[in-house]
Amino acid sequence: MSVSSPTTYLVSGGSGFIGSHVCDALIEAGHRVRAMDNLATSKRENIGHLEGNERFTFMPGDIRVLADCKAAVRGVDIVIHLAALGSVPRSIADPIASHETNLSGFLHMIEAARIEGVQRFIYASSSSVYGDSKELPKREENIGRPLSPYAVTKAGNETYGKLYAHLYGLPTIGLRFFNVFGERQDPEGPYAAAIPKFISRFLDHKAPLIHGDGLQSRDFTYVANAVEAVVKAASAADERCTGEVFNVAYGDRTTLLELVDALRDELARVDPAIAGVGVEHGPERSGDIRDSLADISKAKGLLGYIPAVDLRTGLRKAVPWYVANWK
Ligand SMILES: NC(=O)c1ccc[n+]([C@@H]2O[C@H](COP(=O)([O-])OP(=O)(O)OC[C@H]3O[C@@H](n4cnc5c(N)ncnc54)[C@H](O)[C@@H]3O)[C@@H](O)[C@H]2O)c1
């Protein structure tokens, strides 16, 4: 199937950070998109610019309710399942909420997709499944023990994803996202991701808080790269992709201290006073992985995924949005 042929997509978590960018790309490519979300961790304004487009609909719904999933999937060709409760610390504080949304909700959605006979089911997994594995770079076949309830839910998604492919013949593809960042990623609340949190602190002229020594590293991935992987997975022609999971990352590693320096440079172009803001260190967080770097050769080889935007370029694209939306 080619992405250029008009197709009807369901994007669960469609008003979320990654989901809203996926909706943009699919609409831009001429497809019909139904975004389903219960707005638990996102704002409808993320997709406000799409409302009114005749190929786009927003469907309020909760993936913890099977009937909502069936209604959302009905008449759809391809499901992009992104709805979940993100954040490792959130899952440690409330494992049951994470389980209900990320694992039971996932099962509802994949079961609805099977019952309704969709052509393909693409879903978000996470680099957190690598758990305590020390191997670098991370290769898909070697995962460690999960370090958080969130990681357990994502590993469970992958187990179901593979099972549904092999038992029921539903073509599934899992995407293990590594630290995705960009415009519309929520900077607010205790469970915000590092980059938006650091940007908000800098804009307030307050030192960003780093847990630990700051030498832990991540494979920061600009959101357009993640969207590229979703689009490639949705149109992947190679049967060897069915039931598989793929690392989705840039394929480079940056420490948190290097990240903070890059952010400070970028923000100081807008507000020179930020050049003088330092960093604060706090205790390490349980559940955190020390180093993360993806081997992306599997996604490159089988999906034709090529991440076009590096960290610096991604920060340059994202920062103006945070500046414009800073309250
Ligand atoms: N952002 C990252 O760095 C990253 C990394 C690895 C994996 N992921 C995964 O990618 C997906 C998208 O994440 P994101 O960063 O866009 O987060 P997000 O919080 O912005 O998006 C998730 C969306 O799911 C919705 N949602 C939550 N519970 C729901 C429910 N019960 N019913 C319907 N909708 C519900 C939220 O309202 C939100 O819009 C998630 O599955 C996440 O676990 C993200």
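Residues numbered from 1 in each chain as written. Predicted model: local features only at pLDDT ≥ 70, side-chain atom pairs only at ≥ 80, totals over all residues.

Please explain the nonpolar core as it appears in this structure.
If you look at the biggest cluster of nonpolar residues, it comprises 85 residues, and the most contacted ones within it are Val 79, Ile 80, Ile 122, Leu 175 and Val 230. Ranked by residues supplied to this core, first place goes to helix α7 (residues 223-234) with eight residues. Apart from the residues within four sequence positions on either side, Ile 80 is in contact with Tyr 9, Leu 10, Val 11, Val 22, Ile 122, Val 230 and Ala 234. Counting eight residues, the second-largest nonpolar core is a separate cluster that includes Val 129, Tyr 130, Ala 151 and Val 152. (Core = buried A, V, L, I, M, F, W, Y, C linked by C-beta atoms within 7 Å. Buried ≥ 20, exposed ≤ 12 C-beta atoms within 10 Å, placed from the backbone. Helix = DSSP H or I, 4+ residues; strand = E, 2+ residues; numbered from the N terminus. Contact = placed C-beta atoms within 7 Å.)

Please explain the site of the ligand as it appears in this structure.
By nearness alone, 28 residues border the ligand, and Gly 13, Gly 16, Ser 42, Ala 84 and Ala 124 come closest of all. The set of elements that each furnish at least two residues to the shell around the ligand consists of α1 (17-28), α4 (95-115) and β5 (120-126). Sort the elements by how many residues they give to the shell around the ligand and α1 lands first, with three residues. Each residue belonging to the shell around the ligand can be placed in one class, and the counts come to 13 nonpolar, 12 polar and three charged. (Near = placed C-beta within 6 Å. Nonpolar A, V, L, I, M, F, W, Y, C, P; charged D, E, K, R; others polar.)

What am I meant to see in helix α2 (residues 66-73) here?
Each α-helix winds once per 3.6 residues, and so residues spaced three or four apart point in a common direction. Among the residues of α2, those classed as buried are Asp 68, Cys 69, Ala 72 and Val 73. Taken down its axis, α2 places every buried residue within 125° of arc, on the same side. Elements in contact with the buried residues of α2: β1 (8-12), β2 (32-37), β3 (56-60), β4 (78-81) and α4. Among the residues trailing α2, Gly 75 stands out with phi positive, at a value near 80°. (Arc of directions from axis to C-beta.)

Before we go on, may I ask you to explain the environment of Ile 195 in this structure?
When you line up the elements, Ile 195 lands in helix α6 (residues 194-203). Here the alpha-carbon distance between Ile 195 and Thr 221, two residues 26 residues apart in the chain, equals 11 Å. Look past the residues within four positions of Ile 195 in its chain and what remains in contact with it is Phe 181 and Gln 185.

Is there a simple way to think about the pairing of β5 in this case?
For a regular strand, side chains alternate in direction, first toward one face of the sheet and then toward the other. The buried fraction of β5 is high, at seven of seven residues. Of the two faces of β5, the one lined by Arg 120, Ile 122, Ala 124 and Ser 126 and the one lined by Phe 121, Tyr 123 and Ser 125 are each fully buried. With four bridges connecting them, β4 and β5 associate as parallel partners. When the bridges of β5 are listed, Ile 78 appears paired with Arg 120. With helix α5 (residues 149-168) bridging β5 and its parallel neighbour strand β6 (residues 172-177), the resulting β-α-β unit is right-handed. (Pairing = 2+ DSSP bridges. Right-handed = clockwise from strand over helix to strand, strands pointing away.)

What's the story with the packing of α1 against α7 in this structure? I'm lost.
Two quantities define a packed helix pair, namely the angle between the helix axes and the distance between the axes. Direction vectors running N to C along α1 and α7 enclose 60°, while the axes themselves pass 9 Å from each other. By the criterion of interaxial angle, the relationship of α1 to α7 is oblique. As α1 runs across α7, the sense of the crossing is right-handed. Between α1 and α7, the contacting residues are Ile 18, His 21, Val 22 and Ala 25 on the first element and Val 223, Ala 226, Val 227, Val 230 and Val 231 on the second. Split into classes, the residues belonging to the contact of α1 with α7 amount to eight nonpolar, one polar and no charged. (Axes fitted to C-alpha atoms, helices over the stretch in contact; angles between N-to-C directions. Parallel < 35°, antiparallel > 145°, perpendicular 65-115°, else oblique. Left-handed = near helix turned anticlockwise from the far one by under 90°.)

Quick question: what am I supposed to make of the sheet that holds β4 here?
Either a parallel or an antiparallel arrangement is found when strands of a sheet pair, and the pairing is made through backbone hydrogen bonds. Here seven strands make up an open sheet; going across it, the order is β3-β2-β1-β4-β5-β6-β11 and the pairing parallel. In this open sheet, the two edge strands, each paired with only one partner strand, are β3 and β11 (244-248). Averaged over all adjacent pairs, the angle separating strand axes in this sheet is 20°, with direction ignored. Set on the sheet, α1 makes contact with β1, β2, β3 and β4; between it and β2 the angle comes to about 165°. Packed onto the sheet, α7 meets β4, β5, β6 and β11 and runs at close to 170° relative to β6.

Just to check I follow, could you spell out the pairing of β1 for this structure?
Among the five residues of β1, four are classified as buried, and the element is accordingly described as predominantly covered. Note that β1 and β2 share five bridges and pair parallel. For Val 11, the partnering residue across the bridge sits in β2 and is Ala 35. As for the winding sense of the linkage, the β-α-β connection from β1 through α1 to β2 is right-handed. Judged from the four bridges that link them, β1 and β4 form a sheet pairing that is parallel. From the neighbouring strand, Leu 10 faces β4, where its bridge partner is Val 79.

Looking at this model, I keep getting lost on the packing of α6 against helix α8 (residues 256-268). Mind explaining?
Between α6 and α8, the least distance of the axes is 10 Å, while the angle of their chain directions is 45°. Taken together, the axis directions place α6 and α8 in an arrangement best described as oblique. The element α6 and its partner α8 pack so that their crossing is right-handed. Residues Ala 194, Phe 198, Ile 199, Phe 202 and Leu 203 of α6 form the contact with α8, whose participating residues are Leu 256, Val 260, Leu 263, Arg 264 and Leu 267. For the contact of α6 with α8, the class distribution of residues is nine nonpolar, no polar and one charged.

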